[in-house]
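# Structure at a glance
Listed below are the residues making up each chain.
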Number of protein chains: 2
Amino acid sequence: MPNAGYPDVIKKVSDCISSEQKTKVSENNIVMTSGAGGALNTVLKTLINSGDNIIASIPCFMEYKFYCDNHGGELKLVNGKADFNLDIDTIEQAITKDTVAIIINSPNNPSGRIYPQETIDSLALMLEVKSSEIGRTLYLISDEPYRKIVYDDVTVPSIMDAYKNSIVCTSYSKDLSIPGERIGWLTVNPEAEDYTNLINGIILCNRILGYVNAPALMQRTIAELQGVSVDIDLYKKKRDYLAEKLAQFGYRFRIPEGTFYFFIEAPGGDDMKIVDLLKDERILVVPGRGFGLPGYFRIAYCVEDSVIEGSMAGFKRTAEKSGLKQDDK
Amino acid sequence: MPNAGYPDVIKKVSDCISSEQKTKVSENNIVMTSGAGGALNTVLKTLINSGDNIIASIPCFMEYKFYCDNHGGELKLVNGKADFNLDIDTIEQAITKDTVAIIINSPNNPSGRIYPQETIDSLALMLEVKSSEIGRTLYLISDEPYRKIVYDDVTVPSIMDAYKNSIVCTSYSKDLSIPGERIGWLTVNPEAEDYTNLINGIILCNRILGYVNAPALMQRTIAELQGVSVDIDLYKKKRDYLAEKLAQFGYRFRIPEGTFYFFIEAPGGDDMKIVDLLKDERILVVPGRGFGLPGYFRIAYCVEDSVIEGSMAGFKRTAEKSGLKQDDK
């Protein structure tokens, strides 16, 4: 097959992306990839010259740091807002003449935050202004594996519709619940300034990084599953149950709009301490510093209901030990 | 699953490797990979420090050049012998204090050569002596996707049995005839000097390069196919047919001991000219310069018998046009 993937598979994927991204995407704009991790490494290898930097907003998926370093780039982390939204001003201030791209991830791992349309529009406007200011194209890379895991009829804004120099990367692992398979895609905005070099470079890099092409059988499989996802209501039920119980126990958090994570304030601000206390209860959570933001911890609720229910006593005891004030109503 | 792969899959693979490599390999010594390309990139990222060089003998698979460059290394090509065997002296002369590894590929793409046991033993001895001389461990990386595609009861010598600082990489694409799937493995010799750092580094690099883990379903598939290969007799029949016919037409070549390639002298030494002449006959071959050795061209015979038979008239006409002396016996 061509290194970009089977043409008939790409055709089906392009129809689905065009509708999701409100942007006409053709077969030539897409590369099938070894998941989102493969897509991001391919894009970063293509974009980065040694010494370039890439900006991301915390909290975020920390593998980005390796992915940039792999190709001679440096990930610069900037603070987000208290509600986990992007802070466009801090991103703007972090941009230098060596900045090549911004990576965003919405719905966000670990916060569950979806960046609203007006934030995306402000980001796009800032990037356009800043690109002319520094005389260099700033790319917006959107890592979107949770686009379909969203609740309460919110929509995830289209990145390609908002900003022309954009690249979207994703994986089917979350929305089809096939972690362990390595299948995803990337698409380059056909309006991007250096479009032809960019897509040709990406196809070459996908090959020479040793991915060669996305696994053949899984390409054929996902071609038949365009627009499909696992039953999101099952996740919503888990989210709502956890939100009610954890709030009752005194934990403080923002209700996630998407993903299957809660990002919760660590009692007393000590993320390692709460991780240890919960471990004593046989509950495994991730410290916020693993996402660049100590003072929080992450729960993943992509587990059986019985596991979630079984963990409630442990969460309650830990809340009490940590001096959280229980809501007795 | 662990990033190295499913433990039950690795167990089955380890039994098969132990027998093939005449070296006891345990579950801890193996990482399931995204094919041989994924395995090689993972190993090279782990071994290379910026500025290091890696040595390979021509003719060879030229993607090695990219694979080294991806991680800040430089591939140094050295001449092999006229019969496509390794020339241990030229390899020795190419080694510098910046050399980190030698990559070999046997059975070889494009020559079909299997390096004999005494060559592997001489290579191993030279590497041991040279390692102490430069005060640095020299690794031997063996890329072995064609190990099972061999003819006439020849055996491919074990690299792990011959040299302790060795790493074997492979793919199931050729022996199970599943090109396009991304499934293979690498194994680090448990006797390697810096074994623990090496295997831990490799598992990390496999993750952070974005492979994350080898595709899950294909891991489970190949676990049930250990020791199995496609019917090699079908390839042997094609090889023997081609060997007879091409010799009759006046082409000069060494009979391949393995793989599904012939590497043939270009008439007059001009590889681009013969490629063009054959293209006019709708026959696609690869110029030797694509493997570092102009003056030859490669035929791949992993095609239907009807395609091979249908190409004979074109090969004959091209031989005549090129002034080759036909054998009329």
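Up top you'll find the structure we're talking about.
An account of the accompanying structure is given in this report. (Residues numbered from 1 in each chain as written. Chains lettered and ligands numbered in written order. Predicted model: local features only at pLDDT ≥ 70, side-chain atom pairs only at ≥ 80, totals over all residues. Heavy atoms only, no water.)

### Some remarks on helix α11 (residues 305-321) of chain A
All names here are of chain A. For α11, spanning 17 residues, the distance from its first C-alpha to its last is 25 Å, which sits close to the expected 24 Å at 1.5 Å a residue. Burial in α11 covers these residues: I308, S311, M312, G314, F315, T318 and A319. Buried residues belonging to α11 abut α9 (232-248), α10 (271-280) and β10 (296-300). Once α11 finishes, G323 follows within two positions and takes phi at roughly 75°, a positive value. (Helix = DSSP H or I, 4+ residues; strand = E, 2+ residues; numbered from the N terminus. Expected span 1.5 Å × (residues − 1). Buried < 20%, exposed > 50% of the residue type's maximum accessible area, 1.4 Å probe, protein only. Contact = heavy atoms within 4.5 Å.)

### Points about the relation of the copies chain B and chain A
The two copies are related by a screw motion: chain B maps onto chain A through a turn of 180° and a shift of 0.0 Å along the axis, at an RMSD of 0.0 Å. Expressed as a symmetry operation, the mapping of one chain copy onto the other fits a two-fold axis. Of the residues that chain B buries at the interface, 100% are likewise interface residues in chain A, meaning the two copies contact each other through the same surface. (Least-squares fit on C-alpha atoms with pLDDT ≥ 70 in both.)

### Describing unusual backbone geometry
Following A:N109, the chain continues into A:P110 via a peptide bond in cis, with omega recorded as 20°. Here A:P110 lies in the loop between β4 (99-104) and α5 (117-134). Across the junction of B:S106 and B:P107, the peptide omega takes the value -5°, indicating a cis bond. Locating B:P107 in the fold gives a position in the loop between β4 (99-104) and α5 (117-134). Residues other than glycine seldom take positive phi values, yet B:F84 does so here, at roughly 70°.

### Let's talk about the interface of chain B and chain A
Counting residues at the interface gives 25 residues for chain B and 25 residues for chain A. Of the roughly 2100 Å² buried at the junction of chain B and chain A (both faces included), carbon and sulfur atoms supply 49%. On the chain B side of the contact with chain A, B:N70, B:R182 and B:I208 bury the most area, a combined 24% of that side's loss. In this assembly, chain B and chain A are joined by two salt bridges. Ionic pairing is found between B:R207 and A:E63, a salt bridge with its closest N-O pair at 2.5 Å. Seen at the junction of chain B and chain A, the total is 21 residue pairs in polar contact (both at pLDDT 80 or more). Per-element tally for the side of chain B that touches chain A: the top contributor is helix α2 (residues 35-47) of chain B, with four residues. (Buried area = accessible area lost by both parts, 1.4 Å probe. Salt bridge = Lys/Arg side-chain N within 4 Å of Asp/Glu carboxyl O. Polar contact = N/O pair within 3.5 Å; in protein donor to acceptor, adjacent residues only side chain to side chain.)

### As for the side chain of B:N108
Residue and element names in this part refer to chain B. Relative to the assigned elements, N108 resides in the loop between β4 and α5. Its relative accessible area of 1% is what places N108 among the buried residues. There is a polar contact of 3.0 Å between the side chain of N108 and the side chain of S111. A distance of 3.4 Å separates polar atoms of two side chains, one belonging to N108 and the other to Y115. Ignoring anything within four residues of it in the chain, the contact list for N108 reads P59, R113, Y115 and T259.

### Thoughts on the environment of A:C302
All names here are of chain A. Structurally, C302 can be placed in the loop between β10 and α11. Sequence separation between C302 and R317 is 15 residues; the distance between their C-alpha atoms is 22 Å. Among all residues touching C302, those that are not within four sequence positions of it are Y235 and F260.

### Comments concerning the packing of aromatic side chains
In total, this model carries 27 aromatic pairs over all chains according to the counting rule given. Here B:F260 and B:Y261 contribute two aromatic rings whose centre-to-centre distance is 5.1 Å and whose plane-to-plane angle is 70°, an arrangement assigned as edge-to-face. The same class applies to B:F260 as to B:Y261, namely buried. Judged by centre distance (6.0 Å) and plane angle (90°), the ring pair of B:F263 and B:F291 falls under edge-to-face. Remark: B:F291 occurs in the loop between β9 (286-287) and β10 (296-300) and B:F263 occurs in strand β8 (residues 261-265); sequence separation between them is 28 residues. By the burial criterion, B:F263 is buried, and B:F291 matches it. Members of the aromatic cluster, each reached through a chain of ring pairs, are A:F84, A:F263, A:F291 and A:Y296. Taking NZ or CZ as reference, A:R220 lies 3.8 Å from the ring centre of A:Y6, over its face. (Phe/Tyr/Trp six-rings, centres within 6.5 Å; stacked < 30°, edge-to-face > 60°. Lys NZ or Arg CZ within 6 Å of the ring centre and 35° of its normal.)

### Re helix α7 (residues 195-208) of chain B
All names here are of chain B. With 14 residues, α7 should reach 20 Å at 1.5 Å per residue; the first-to-last C-alpha distance of 20 Å fits that figure. Of the positions making up α7, those classed as buried are Y195, L198, I199, G201, I202, C205, N206 and I208. At the C-terminal side of α7, G210 shows a positive phi close to 95°.

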